[in-house]
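# Geometric and topological summary
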Amino acid sequence: MKRLLKPLPLVALVLGTLPAMLPTTVAYAEEGEAQKPKPVYPPISKTEMQTPAFDLALRADTQTLAHLSPKGNTAFDFVPAGREPERAGDGYVHIGDIHIRLKTAGSDWQDFSSAHARKQIAALAGGNGVLAAADITASMGAGMPLRVERRWVNEAGVLAMRFTLVNTSSAAVEIGGLGMPMVFDNIILDRDLDTAHAEASFVDPYIGRDAGYLQVTRLNGQGPALLVLPEKGTPLEAYRPIIEARAAKNGDIFTDRSQRSQVSEGFYDWTVASKGFAEKEWAKAGQQWNEPTSITLAPGESRTIGLRFVTAPDIRKIEDTLVANKRPVAVGIPGYVVPTDQTASLFLKTPSKVAKIESFPEGALTATSEKSGTGWARYQVKASGWGQARLTVTYADGQKQTVSYYITKPLEQVMADIGQFTTTNQWFEGKGDPFHRSPAILSYDREDNKILTQDGRVWVSGMSDEGGAGSWVAAMMKQLDNPSPEEVAKLERLVNETVLGTLQVKDGPQAGAVKKSIFYYDPVEFPNYYDPKINWKSWTAWSKKDSDDLGRSYNYPHVAIGHWVLYRLARDNQGLVKQHDWKFYLEWAYRTSVAMMRDAPYYAQFGQMEGDVFLDILKDLKREGLTAEATEMEGLMKGRADHWRTLKFPFGSEMAWDSTGQPEVYAWMRYFGYQPQADETREVILAYDPTIPNWGYNGNARRYWDFLYGGKVSRIERQIHHYGSALNAVPLFDAYRQNPGDLHLLRVAYGGMMGGITNIDQQGFGSAAFHSWPDMMKWDAITGDYGMGFYGHAITSATYMVSDPQFGWLGFGGDLTTKGGKVHIEPKDGARRRLFIAPAGLWITLEAGRIKSADYDAKTGKIVLTLDPASTTAPTARLLFETTTAGGKTYGTDTGTADRGGYAIALGTGETAVTLSPR
């Protein structure tokens, strides 16, 4: 445990001194920077200014934004002010720059950029509230048929940036690309975790046309948050990445010289018009968030676009701030992923009345007005079909707002689909495999519709690390609440024939330890095996020695999950698990947990993805009376928690910044009673995990580098619903159950949990993540590390009955009806085994059996559960319940017999009623 006392400095993590898991491009670039003396840049001349909300500065030569701090807090900056000198040259974009793609009749698209090759701008006379004004046409490039003027304005205390475009030519000009670079300080390079959390920010877009906005949140989760809002005629139509200059195609001038890497996501354009991109770079992409448009200016005609910068006191007040600024606000309950057998709600609060609501595709979504009486217009939303859809809300003042949805099959069918696909299409069995991967569930390429028996990133074909373990972990987690005897039989074989003894050490002093990969690259041992079309010269082509390494703790939770699920299935069902009894699998889950601390102590100083499973294993050890094992495991885990407790931000990993460790850190902080640290962790999660009216960004925990490790298209790119979305939902759900008054927590959590099933296609293939860049807008073709996200979905799948003072009675995951003080809910989540009655603070779980419905009496607090009839494998339900809120009433039941901290309830051929009453 001594190795836990001093975490590795983050600079070492960035510089690639760990066993290599950093992308090659990052390791080489940053290592080179560290070895060379840093250049010294001349200071930048700036003009300091103030508004009621901000201290700011503009560069004296370009009038671009060089500094933007909340009023009175100059130690923090929303823009990369500290890097202004090094980013001063041509080719670096700033807020205040503009990108324009245009053409005239019969011509091709032409590109103009104010940042590509800067020229002297011409200052313009100010005016009422004008902080600075300039004609920047000279800096746009030769042949520009427009005059471009920019003004910085303090309008009634609000900071605004406006561009006026005037057609100075004799022909009509069509503007098919119009973007304003949004450059905020998301750069982690050269910062340790404490510094990054104090100084850096992340940006999340609502790509909702006239109602669109950006939210810029500090990594530490503290306020204020910055909101970038559109002025009239400035829709957020698309959010276009500004490509790194060294990676751009010849002739591309809409670039930035700053390096995209794991320590910097890069910058984006607020894109007002995108038709010119849709016709060229995005021509082969999937459906865009909005229909691409263009702007046509007749000779002498002008168009003004603008953005306003305001602050919200904190993240939870973002929607209130939007309302205060007279913006159209949409709130989807339970979110924007809608199974076809569920009913969702959409709440709208706007200064202008709704004129019409349209669906694209037509008929995919229907929005029916309902009575609200709370100041919000309420609509019932039903879905049909499958895949992406959007609602376009047109207001009486002409503004249009788009809300993006994802339609899925009923969740019970989605669970069946992924179980079937992983255990059939991805089932690998054959005596000839030289790496002894048979039987196995291996990664899959959906474009080629084949199992990946080889990949230059050897773990992808080697059943471990996230990119190789994802599929078999998903198959295993599907069985937790939706077991299929045929699928369980295959998985029991996988664990006993391939995991134990091949992937995991079975005997000896290192029994329980887990390898990094069971596929490896050795052309001497297997001279005719490896596909010559694959690049085997990268560091990712591990040798047998590297693949056999037992020191990578991130691999241990995957294997622990396999054992733990089989334990649960054997313990609470009949006839499903046949090779060993429940105790065998629980003991192996325990051995795996202990082995992680023994054989992989270095990485164990960090929180692990799916690390929550260790807490479940510990609780089950205690329930089963395995006291010695529980005591040892608890002591080891407390050592980790005590270490994390000493750190201000204990969320490190091998990466410079990560959204992986927070869920497990939160779990152990809660378990050991370190509530302040749990609260800190919760707020940090909210900083990178937003609630936004878009299925892709709602609950989408930030990740932008894992396509390098488990994707087919390998690049630094903001990923939509990578595994972090569903994993980070786990602590947020727990935090909400402690405090049901904080609906924001539930909305973000449910967005992440449901986002985790959008990856599953109509046949059951689970993609690693969705490519958010508009040149793709589709799911990656490889399964990769998706299973970690499915773990998060499966472990949190539940229905929530909520009474909200603003929105009234709400059902998350189930259809809810009320009559007087009686509330009825029918769960339709993918498990139907977990239910939270928020007004009672009661958390109800089943480890066998299913909830058909629940009735809650708001006056007496009494709850009546209706359980499904018995099945062949589950003749008995196992019920647990607890009050999670401080001061909440204790509940009891007279049904069933006491069993391992819960109740065993015999089920019959008909439904069974169970009454829970406050005591």
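Each remark here, short or long, concerns the structure printed above.
Here's what I pulled together on the structure shown here.

Parameters at a glance
- All residue numbers refer to position in the chain's written sequence, counted from 1.
- It should be noted that, the model being predicted, local features are given only for residues of pLDDT at least 70 and side-chain atom pairs only at 80 or more, the latter also being counted only at that level, while totals for whole chains, interfaces and linings use all residues.
- Derived side-chain values reflect all non-hydrogen atoms in the structure, with water molecules and hydrogen atoms excluded from consideration.
- The numbering of helices and of strands both runs from the N terminus, where a helix is a DSSP run of H or I of at least 4 residues and a strand a run of E of at least 2.
- Under this definition, polar contacts are N or O atom pairs within 3.5 Å; protein pairs additionally need one hydrogen-donor-capable and one acceptor-capable atom, and for neighbouring residues in sequence, both atoms have to be side-chain atoms.
- Contacts between residues were defined by any pair of non-hydrogen atoms, one from each residue, lying within 4.5 Å.
- Paired strands, as defined in this entry, are two strands with at least two bridges between them according to DSSP.
- Cavities and pockets were defined on a 1 Å grid built from protein atoms only: a cavity is a group of points that admits a 1.4 Å probe but offers it no way out, a pocket is an open group of points flanked by protein on both sides within 12 Å along at least five of seven lines, and a lining residue is one with an atom within 4 Å of any such point.
- Grid points are joined across faces, edges and corners, and a volume is the space filled by probe spheres set on the points.
- Under the scheme applied here, ten amino acids are nonpolar (Ala, Val, Leu, Ile, Met, Phe, Trp, Tyr, Cys and Pro), four are charged (Asp, Glu, Lys and Arg), and all others, including Gly, are polar.
- Ring geometry is summarised as follows: Phe, Tyr and Trp rings, the Trp one being its six-membered ring, pair when their centres sit within 6.5 Å, and such pairs are stacked at plane angles under 30 degrees, edge-to-face over 60 and tilted between the two.
- Exposure categories follow from relative accessible area, calculated using a 1.4 Å probe and restricted to protein chains: below 20% of the type maximum is buried, above 50% is exposed, and the middle band is partly exposed.
- A ring is scored as having a charge over it whenever the NZ atom of a lysine or the CZ atom of an arginine sits within 6 Å of its centre and within 35 degrees of its normal.

## A few points about the side chain of D868
Here D868 lies in the loop between strand 42 (863-867) and strand 43 (876-883). Among the polar contacts listed, one links the side chain of D868 to the side chain of R832, at a separation of 2.9 Å. Residues in contact with D868, not counting those within four places in the same chain, are R832, R850, K852 and L907.

## Here's the deal with the sheet that holds strand 34 (residues 778-779)
Strand order in the open sheet made by the three strands is 32-33-34, with antiparallel pairing throughout. Edge strands, defined here as strands with exactly one partner in the open sheet, are strand 32 (719-720) and strand 34. Taken together, the two bridges between strand 32 and strand 33 (residues 770-771) define a ladder with antiparallel strand orientation. Bridging from a neighbouring strand, Q719 pairs with H771 of strand 33.

## Points about empty space enclosed by the protein
Empty space among the atoms becomes apparent when a probe as large as a water molecule is rolled across them. Following the criterion strictly, the structure yields 13 cavities of 30 Å³ or more and no others. Of the volumes computed, that of the largest cavity is approximately 160 Å³. Of all the secondary structure elements, the ones that give two or more residues to the lining of the largest cavity are helix 7 (465-481) and helix 16 (707-710). If one sorts the elements of the lining of the largest cavity by residue count, helix 7 sits on top with three residues. Of the residues that constitute the lining of the largest cavity, the class distribution is eight nonpolar, four polar and eight charged. Looking at the second largest cavity, its volume works out to about 110 Å³.

## Some points on the packing of aromatic side chains
One pass over the structure, following the stated rule, counts 60 aromatic pairs. Taken together, a centroid distance of 5.4 Å and an interplanar angle of 75 degrees make the contact between F435 and Y529 edge-to-face. With a gap of 94 residues between them, F435 in the loop between strand 28 (427-428) and strand 29 (440-441) and Y529 in the loop between helix 8 (485-499) and helix 9 (544-547) connect regions that are remote in the sequence. For Y529, a relative accessible area of 24% gives the class partly exposed. Geometrically, the ring pair formed by Y530 and W536 is edge-to-face, given 5.1 Å between the ring centres and 65 degrees between the ring planes. An identical accessibility class is assigned to Y530 and W536; each is buried. Positioned above the aromatic ring of Y268 is the side chain of R260, whose terminal nitrogen or guanidinium carbon lies 5.4 Å from the ring centre.

These figures come from the coordinates and say nothing about function on their own.
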